[in-house]
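These are the residues of each chain, in order.
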Amino acid sequence: MHFFFRRHASVIRILILFAFVLSSISAINAQGLGGVGTIQGKVMDPTGAIIPGATVEVRNVVSGYQRTTVTDDTGQFVFRNVPQNMYHLAVTASGFAMAQQDLELRSSVPQNLSFTLEVSSSKETVEVTAEAGDLLETTPSAHTDIDQSLVARLPMETAVSGLSSTITLATPGVVADSNGFFHPLGDHAQATFSIDSQPISDQQSRIYSNQISTNAVQSMEVISGVAPAEYGDKSSLVSVVTTKSGLGLLKPTGSINAGYGSFGSPSGSINLGFGGVKWGNFVSVNGLRSGRFLDSPEFGSFHNKGNAETFFDRIDFQPRASDSFHLDLFAARSWFQAPNTFDQLAVGQDQRQRIESFNIAPGWTHLFSANLLLTANAYFRQDRVDYYPSNDPAADLPATVGQGRRLSNTGARFDLSYNKGVHNVKGGFQFSRTFLSENFRFGITDPTSNPVCLDGAGDPVLDPSITDSANCAGAGFVANPGLKPGLVPFDLTRGGALLQFRDRGAIDQQALYLQDTISWKDWTLMLGLRGDHYKGLSEGYALAPRTGVSYHFKRTNTILRAAYGHTLETPYNENLLLSSATGVGGLANNPFGSVVSAPIRPGRRNQYNVGFQQAFGRFFVVDGEYFWKYTANAYDFNTLGDTSIAFPIAWNKSKLDGFSMRVSLPEIHGFRAFAVMGHTRARYFNPEVGGLFFDTNPQTGVFRIDHDQAFQQTTNVQYSFLKKHGGWIGFTWRYDSGLVNGAVPDYATALTLSPAEQAAIGLFCGNVFATRTAPITSCSDPHQGATRIVILPLGTEDDDHNPPRIAPRHLFDLGLGSDNLFRADHYKITAKFSVLNLANKVALYNFQSTFSGTHFVAPRTYQAELGFTF
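Parameters at a glance
- Residues numbered from 1 in each chain as written.
- Predicted model: local features only at pLDDT ≥ 70, side-chain atom pairs only at ≥ 80, totals over all residues.
- Heavy atoms only, no water.
- Helix = DSSP H or I, 4+ residues; strand = E, 2+ residues; numbered from the N terminus.
- Buried < 20%, exposed > 50% of the residue type's maximum accessible area, 1.4 Å probe, protein only.
- Contact = heavy atoms within 4.5 Å.
- Areas by Shrake-Rupley, 256 points an atom, 1.4 Å probe, with all protein chains shown as cover.
- Lys, Arg positive; Asp, Glu negative; His and termini not counted.
- Charge placed at Lys NZ, Arg CZ, Asp CG, Glu CD.
- Pairing = 2+ DSSP bridges.
- Axes fitted to C-alpha atoms, helices over the stretch in contact; angles between N-to-C directions.
- pLDDT = per-residue confidence, 0-100.
- Disulfide = S-S within 2.5 Å.
- Polar contact = N/O pair within 3.5 Å; in protein donor to acceptor, adjacent residues only side chain to side chain.
- Salt bridge = Lys/Arg side-chain N within 4 Å of Asp/Glu carboxyl O.
- Core = buried A, V, L, I, M, F, W, Y, C linked by side-chain atoms within 4.5 Å.
- Patch = residues over 30% accessible without salt bridge, like charges linked within 9 Å, V, L, I, M, F, W, Y side chains within 5 Å.
- Phe/Tyr/Trp six-rings, centres within 6.5 Å; stacked < 30°, edge-to-face > 60°.
- Lys NZ or Arg CZ within 6 Å of the ring centre and 35° of its normal.

**A closer look at the overall build of the protein**
When its secondary structure is counted, the protein shows eight helices and 46 strands. Reported as C-alpha extents along the three principal axes, the dimensions of the protein are approximately 105 × 65 × 50 Å. In the protein, buried positions account for 58% of the 870 residues. Contacts spanning at least 24 positions in sequence make up 68% of the contacts within the protein whose residues lie at least 6 apart. When the accessible surface of the protein is summed, it comes to about 33900 Å², and 59% of that surface belongs to carbon and sulfur atoms. Of the charged side chains in the protein, 67 are positive and 74 negative; the average position of the first set lies 5 Å away from that of the second.

**So, the sheet that holds strand S5 (residues 86-92)**
The sheet built from four strands is open, its strands ordered S3-S2-S5-S6 with antiparallel pairing. Taken across any chain shown, the strands that pair with only one partner, and hence form the sheet edges, are strand S3 (66-70) and strand S6 (99-104). Across the sheet, the mean angle from the axis of one strand to that of its neighbour is 20°, orientation sign disregarded. When S5 meets S6, the two strands line up antiparallel, connected through six bridges. By the bridge assignment, methionine 86 is partnered in S6 with glutamate 104.

**A word on the sheet that holds strand S37 (residues 763-765)**
Spatially, three strands are ordered S38-S37-S39 in an open sheet, and the strand pairing comes out antiparallel. A single partner strand is all that each edge strand has here, and the edge strands are strand S38 (768-769) and strand S39 (784-786). Across three bridges, S37 lies against S39 in antiparallel orientation. When the sheet's bridge partners are listed, phenylalanine 764 is paired in S39 with glycine 785.

**Quick look at the confidence of the model for the protein**
Per-residue pLDDT for the protein averages 89, and the proportion of residues at 70 or more is 91%. Contacts of residues 1-34 to residues separated by more than four positions or lying in other chains number 70 contacts, the stretch itself having pLDDT below 50. Long-range and interchain partners of residues 591-596, a stretch whose pLDDT sits below 50, account for twelve contacts in this model, where long-range means more than four residues apart.

**What about the environment of asparagine 439?**
Structurally, asparagine 439 is set in strand S23 (residues 423-444). With 136 residues separating them along the chain, asparagine 439 and asparagine 575 place their C-alpha atoms 9.1 Å apart. Aside from chain neighbours lying at most four places away, what touches asparagine 439 is Gly402, Gln403, Gly404, Phe501 and Arg502.

**Notes on the state of the cysteines**
Enumeration over the complete set of coordinates arrives at two disulfides. Bridging cysteine 765 to cysteine 779, the disulfide has an S-S length of 2.0 Å. On the S-S bond that ties cysteine 765 to cysteine 779, the torsion sits near 85°, and the link is right-handed. With cysteine 765 in strand S37 and cysteine 779 in the loop between S38 and S39, this residue pair connects regions lying 14 residues apart in the sequence. Of the residues examined, cysteine 765 reaches a relative accessible area of 15% and is grouped as buried.

**Observations regarding the environment of asparagine 633**
Within the secondary structure, asparagine 633 is located in strand S31 (residues 620-639). For asparagine 633, a relative accessible area of 7% puts it in the buried group. Distance in space between the C-alpha atoms of asparagine 633 and glutamine 758 is 36 Å, their sequence separation being 125 residues. Residues contacting asparagine 633, with those up to four places away along its chain left out, are Arg601, Pro602, Gly603, Ala650, Trp651, Asn652 and Lys653. Engagement of the side chain of asparagine 633 in a polar contact is seen with the backbone oxygen of arginine 601, the distance being 2.5 Å.

**Some details on the pattern of salt bridges**
Following the criterion strictly, the structure yields 33 salt bridges and no others. Residues arginine 433 and aspartate 508 are paired through a salt bridge, measuring 2.6 Å at the closest nitrogen-oxygen approach. Placement of arginine 433 in strand S23 and of aspartate 508 in strand S26 (residues 499-520) is noted, with a sequence separation of 75 residues between them. Here glutamate 625 ties to arginine 561 by a salt bridge, and the two come within 2.9 Å at their closest N and O atoms. Of this pair, glutamate 625 sits in strand S31 while arginine 561 sits in strand S29 (residues 558-569), and the two are 64 residues apart along the sequence. Note on glutamate 625: relative accessible area 6%, which makes it buried. For arginine 561, a relative accessible area of 6% translates into the label buried. When salt bridges that share partners are traced, they join Arg683, Arg704, Asp708, Asp800 and Arg805 into one network.

**Section: unusual backbone geometry**
Trans is the prevailing form of peptide bonds, just as negative phi is the prevailing case for residues other than glycine. With an omega of 0°, the peptide bond running from leucine 397 to proline 398 counts as cis. Position of proline 398 relative to the elements: it lies in the loop between strand S21 (372-388) and strand S22 (399-420). Omega for the bond connecting asparagine 686 with proline 687 falls within 30 degrees of zero, at 5°, which places this linkage in the cis form. By the secondary structure assignment, proline 687 is in strand S33 (residues 671-689). Even without being glycine, arginine 823 reaches a positive phi, approximately 60°. With respect to the element layout, arginine 823 can be found in the loop between strand S42 (809-818) and strand S43 (828-836). Relative accessible area serves as the criterion here: at 46%, arginine 823 is assigned to the partly exposed category. A positive phi angle is found at asparagine 837, which is not glycine, with a value near 55°. The residue asparagine 837 is located in the loop between S43 and strand S44 (844-849) in this model. With relative accessibility at 4%, the residue asparagine 837 sits in the buried group.

**Topic: the nonpolar core**
As a rule of thumb, nonpolar side chains are buried together in soluble globular proteins. Core analysis: the biggest nonpolar cluster contains 41 residues, and Phe293, Phe440, Phe442, Leu640 and Ile645 have the highest contact counts within it. Counting only elements with at least two residues in this core, the list comes to S21, S22, S23, S26, helix H6 (576-580), S31 and strand S32 (646-668). Ranked by size, the runner-up nonpolar core spans 30 residues in total, among them Ile167, Phe193, Phe312 and Val676.

**Remarks on a nonpolar patch on the surface**
Taken together, the side chains of Phe671, Val717, Tyr719, Phe721, Leu722, Ile729, Leu816, Phe833 and Tyr862 make up a nonpolar region of the molecular surface, amounting to roughly 770 Å² of accessible area. Top contributing element to the nonpolar patch by residue count: strand S35 (residues 712-721), with three residues. Along the chain, leucine 816 turns up in strand S42. With relative accessibility at 40%, the residue leucine 816 sits in the partly exposed group.

**Looking at the packing of aromatic side chains**
Inspection of the entire model under this criterion finds 33 aromatic pairs. An aromatic cluster of at least three residues, connected via ring pairs, comprises Phe181, Tyr208, Tyr572, Tyr635 and Phe637. Above the ring of phenylalanine 685, the side-chain terminus of lysine 653 is found at 4.8 Å from the ring centroid. One Lys or Arg, arginine 772, reaches over the ring of phenylalanine 342 and ends 3.8 Å from the middle of that ring.

**Considerations on the pairing of strand S19 (residues 324-337)**
Here strand S18 (residues 306-317) pairs with S19 via twelve bridges, running antiparallel. By the bridge assignment, alanine 308 is partnered in S19 with serine 334. Between S18 and S19, which pair antiparallel in sequence order, lie six residues. Summarising the sheet, S19 and strand S20 (residues 352-367) pair through 14 bridges and their orientation is antiparallel. Residue pairing across strands places serine 334 opposite isoleucine 355, the latter belonging to S20.

**Describing helix H4 (residues 162-170)**
A large share of H4 lies buried, amounting to nine of its nine residues. Looking at H4, one finds that the buried residues are Gly162, Leu163, Ser164, Ser165, Thr166, Ile167, Thr168, Leu169 and Ala170.

Written out as structure tokens, the structure reads:
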């Protein structure tokens, strides 16, 4: 028992403190969590008498958010769990003229409204007159609002990483990568999810963790500009997620869905919301199986089956008008095979991975007065990842690898919100402890992957007795200039033994923050200050100002803005212990002790943003931003071949800049559209520190990293028709100019690739294309190159100014469906059919990338789904 309390002392202290805060609160009125608020009020006639049964609608024509309610017997109405944004409200009642009002919801403090309806004998229908210009966002920080109505119709390759896919498709400046991964505005993965006020900054793609299903999400606010002071840690992109709630649902509502798709992919979900005036419950259960669970290193899908199941439950309780409590529960499991190449398939490689996740997050709020709100949240979350090698180590190529990793995160957050006059103030503190447990096994099984010597023809010498390059000359050979000496002790083909690494650790983080958004006339000021402390394998402190200003030119419907932010960047937690034990040059030069190792240190960033927003009547809104980020100690990941095992690394510094833009067309006569685009220049500066970075000689100088992309854009167009059937059709066009690909700097290097590798990149010489059985060994034809990567002319490659890249690609998706197939009033049948990669484009995300491996874009994929809603 003593051991249990000692081991979990931090968790116990956090829960005790949280319980103390809750017990000390009395007379609580909590409406809304971080990132959401409450709109409530009363509807009256000109004499002051209440109007029961009046219809109240709140909507944002840009994001698509729309909700409707009716006033009760006392003339009151309430909208809870509303994402903070600009809204237009309209109130109608029989015998009265419509009343309309614009509202900016920027605080968790409830907004109280009063509507007086004038008597009218007119039978005419009055149109709601909200225009896009009325709904411009005056905040100095760029962000994108995404509503469930958009999420439900976006094409998704798989629901396993639906949250990440939605952000990639709908947020400007975000670069798509394999397995649901995305790169936010020049960074590798410096992103944070705030789910019902719980911060989650660990990796969330399908190979690291299990994500919450989009079926449980009501809306998202994705902050791509300078984040307010309440957000830290990894804040290049902050996704504020609001989940669905059953509070106030007097009649149960929900859906049951079943689907089937290409690669033998059945799926299903059950979503149910129910409750009453004082309580509510929303439950979402989802499951799927697929024969193409991950993006494959080949265009075909071999040894790539997988399944995933998720459970989410949100419980709300409001015992009286002054009290509110919520509890988020989440559990998920995924199991999948590691996709094989043709060579790995031939020898029977059978590597697999399992991820188990759970999360418990209670929350409480307290309204001291009409202007002062306290919010308190606690959480405990865990990801457990197991990677299994083949039963026969000789079947693993080029190495056998296994891993058991556990990441547990517990913490609490408390803040006060004050909203009065021109001020919207929030201040608070948060703290967390992350427990790390790592068990890693590795051994080389291919004698040609790291040969000690080469023969006269330059081919690998397979003699297992030679393990020291100093002995090559005496045996009649030459030393391999590309030898990675740190790997020789773990070469099983040369008498080596498995690398065995096991360690535990913990990371403590604390933060204090204070921010004020001041709205004065046409000006909006963001003033914030954050203090951070990080203590893990290394330690760092930072005092981080966050400031911004915007001005609204009402005559032209124009907003100009600028912002500055300083942040303390923290290392990635996944495999951090091993990465910090390997030192400069990674394992290549440091087999745990031969070179002094250095833990990965916190980084420091200065970020500058300028942007604008322009509305053109009610037709469309344009939002543009340019950013500069300067980081000391910049982070990335290094991937072990084509496996899903990755290790954090750090570079000396980085300089990132680029632009992002979004064009939004609110729904007009059934049409609705948006286009997002971006350009990124990501320059990283050597040296590298830590991680399994298999480089014999650490590099120097500056280079473009593999999440640098010159241009990308997504355009989505939707049209609603047959209103009674809820019919719709959607079309998506995604263009990517290509990530940096340093594996093939010129055509001569391409000739040294294996036949399968040449076939993967589409290598050609004249009219002859390489195949898996017929490689190209020489080429004198001037018409030479590759179809899936850009091969630069000899001597023109430059790591900084002209790096080689993946070839540009255009991908098209088509979807159509009905939200009410049989025109029912209460119980509705829904249908949806999608085709992804409509043209069946053969394209690469990346090729032999040190940071992500090789992955193909999914071939043409069909998906069909039937649903029942009530």
